[in-house]
Amino acid sequence: MKYYRVHSEDIAYLTNQPRGIFTVVYKLVEAKVVTEDEEKEYWKNREYFEKVLPVPPFYKDGNTIKAVTWFKDTEKGNKVYQEMVYYRNMASKYGVKLYMTECEEVPGDVIYEDDFQIAVINQKEDLKTRVSLVC
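So, here's what we can say about the structure.

**As for the side chain of T15**
If you trace the backbone, T15 turns up in the loop between β1 (3–11) and β2 (18–20). A relative accessible area of 17% places T15 in the buried class.

So, in structure tokens, the structure goes:
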């Protein structure tokens, strides 16, 4: 199975991995870079995705285990990614490059899995990936 992440070049201090798309856009909101209307749209989108995409339980304690989530190349995983138009638009509008990193193998030790995604710790150092620019 193929797995993929959509992320920026910024390295997250917690995971030491590139910051994922949800956090990238949240950081724009947090820094008050977006307009008031865009911030309202952000919260609307966030509420939607928290309903349709399961939030892994390790986020409740601030992700102290330093897990990284990867979408599964499945109908459900791909549908959720396609619905993330707002996030891609905000990154593009505010000059944040987004990349997609893909791999054909499980990228680390799986500590969580649902129909849409996996979460891993101890990402493989020798993981073979393909990286492409999203926007």
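**Side note on the pairing of strand β6 (residues 117–121)**
Within a regular strand, the side chains alternate between the two sheet faces. In terms of burial, β6 is a largely internal element, 4 of the 5 residues being buried. Looking at chain direction, strand β3 (residues 68–72) and β6 are connected through 4 bridges and run antiparallel. In the strand pairing of β6, T69 is matched with A119. Here 4 bridges tie strand β5 (residues 109–113) to β6, and the two strands are oriented antiparallel to one another. Residue V110 lies in a different strand from β6, and its bridge partner there is V120.

**Regarding the side chain of N45**
When you line up the elements, N45 lands in helix α2 (residues 36–52). Owing to a relative accessible area of 12%, N45 belongs among the buried residues under this scheme. Apart from the residues lying within four places of it in its own chain, the contact partners of N45 are Y86 and Y87.

**Let's talk about unusual backbone geometry**
In this structure, N63 is a non-glycine residue whose phi angle is positive, near 60 degrees. Position of N63 relative to the elements: it lies in the loop between α2 and β3. Here N122, not a glycine, exhibits a phi torsion of approximately 55 degrees, which is positive. With respect to the helices, strands and loops of the structure, N122 is situated in the loop between β6 and β7 (130–133).

**Things to note about helix α3 (residues 75–82)**
Here α3 has its buried residues at G77, V80 and Y81. Relative to the axis of α3, the buried residues are bounded by an arc of 100 degrees and lie together on one face. Those residues of α3 that are exposed and angled more than 90 degrees off the buried face are E75 and Q82. Buried-residue contacts for α3 involve β1, α2, β3, α4 (85–93) and β4 (99–103).

**Some points on the pattern of salt bridges**
Applying the stated criterion across every chain, the model contains 14 salt bridges. Across the pair K93 and E38 runs a salt bridge, and its minimum N-O distance is 2.4 Å. Separated by 55 residues along the polypeptide, K93 in helix α4 and E38 in helix α2 bring together distant segments of the chain.

Conventions and cut-offs
Residues numbered from 1 in each chain as written. Predicted model: local features only at pLDDT ≥ 70, side-chain atom pairs only at ≥ 80, totals over all residues. Heavy atoms only, no water. Helix = DSSP H or I, 4+ residues; strand = E, 2+ residues; numbered from the N terminus. Buried < 20%, exposed > 50% of the residue type's maximum accessible area, 1.4 Å probe, protein only. Pairing = 2+ DSSP bridges. Contact = heavy atoms within 4.5 Å. Arc of directions from axis to C-beta. Salt bridge = Lys/Arg side-chain N within 4 Å of Asp/Glu carboxyl O.

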